[in-house]
Amino acid sequence: MRIATLLWLVRLQRSLLLAVVLMTIGGCGASGPLSGRGNAASDRIRIQLDGAQPSASTGELNHKGETIRFKVGYGRNGIACAGSTFEEGWTPLGSFRVNAVLSNDRFLMDPSVVKQSGKTEAYLRENLFRNMSSIDFKGDGETGEYGLGYISLEPVPATPQPFRFNTYDGKFRWYSFAIHGTNDPSRVGQSITGGCINVDRNVMTELLETVQLGDEVVISSESPCTP
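Predicted, not measured: the structure shown is a model, and the values here were computed from it.

Visitor: So what's going on with the state of the cysteines? Which residues, and what values?
Guide: Enumeration over the complete set of coordinates arrives at one disulfide. Two residues, Cys81 and Cys225, share a disulfide whose sulfurs are 2.0 Å apart. Linking Cys81 and Cys225, the disulfide has an S-S dihedral of approximately 95° and is accordingly described as right-handed. With Cys81 in the loop between β5 (78–80) and β6 (90–92) and Cys225 in the segment after β15 (216–221), this residue pair connects regions lying 144 residues apart in the sequence.

Right, here's the structure in full:
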């Protein structure tokens, strides 16, 4: 009886140890790349575009160990392949890096971009987003097309792009690929923008509170893209 009891105890200990190991593995498995911040900003924002059904296009933001999912809109002409040169109306796929965050309350910009502007950082902080928000792009008297904010993106690795500071309708602005808000929530979830990703007010508020310079944004799609 003693031998049988000892064998039973040994089996029980092994079973308990195996259970602990499996629980540990399960916990690691649940913490995938979109379930927490990790050690860096890499893949903090992921966007999946649907070329056949634009309303099914979504984004995911990692913040404080939670994944926030949201709808997005994209370019009116469709989806461009990774590594392509940005063209009006086309939303490119690939990996991107945040190089500027613009809103009425927040201003972040890579020093190299500030230098490119030919203006002081103080001038840009005070005027740039206000100028951009005051542009009437469609000529219908409506302004504020960028909603609450504008998060500028540069491709990684770097490729030649037409991004630049210029004057549009008499307003000094930064022309780039970006995630931005909107003055018309119905535009989110449609293939309707000039090429940028658009999001609603609540999502842009969250992004403006969390996004930092250097954060990575990955845009992908299972739909065909245009080279």
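Having put the structure on the table, let's press on.
Visitor: Residues and numbers for the nonpolar core, please.
Guide: In this structure, Met109, Ile179, Ile197 and Leu207 are the most contacted members of the largest nonpolar core, which totals 45 residues. Among the elements that line this core, the one with the most residues is strand β7 (residues 94–103), at five residues.

Visitor: Describe the pattern of salt bridges, naming the residues involved and giving the relevant values.
Guide: As enumerated under the stated definition, the model contains seven salt bridges in all. For Glu121, the salt bridge is made with Arg125, and the minimal N-O distance between the two is 3.0 Å. Taken together, the residues Glu121 and Arg125, both in helix α3 (residues 121–133) and four residues apart, mark about one turn of the helix. Overall, the relative accessible area of 47% leaves Arg125 in the partly exposed class. Salt-bridge contacts for Glu145 lead to Lys138; the nearest nitrogen and oxygen are separated by 3.7 Å. On the accessibility criterion, Glu145 (16% relative accessible area) is buried. Assessed through its relative accessible area of 45%, Lys138 is described here as partly exposed. When salt bridges with common partners are traced through the structure, they connect Arg97, Asp110 and Glu154 into a single cluster.

About the criteria used
Residues numbered from 1 in each chain as written. Predicted model: local features only at pLDDT ≥ 70, side-chain atom pairs only at ≥ 80, totals over all residues. Heavy atoms only, no water. Disulfide = S-S within 2.5 Å. Helix = DSSP H or I, 4+ residues; strand = E, 2+ residues; numbered from the N terminus. Core = buried A, V, L, I, M, F, W, Y, C linked by side-chain atoms within 4.5 Å. Buried < 20%, exposed > 50% of the residue type's maximum accessible area, 1.4 Å probe, protein only. Salt bridge = Lys/Arg side-chain N within 4 Å of Asp/Glu carboxyl O.

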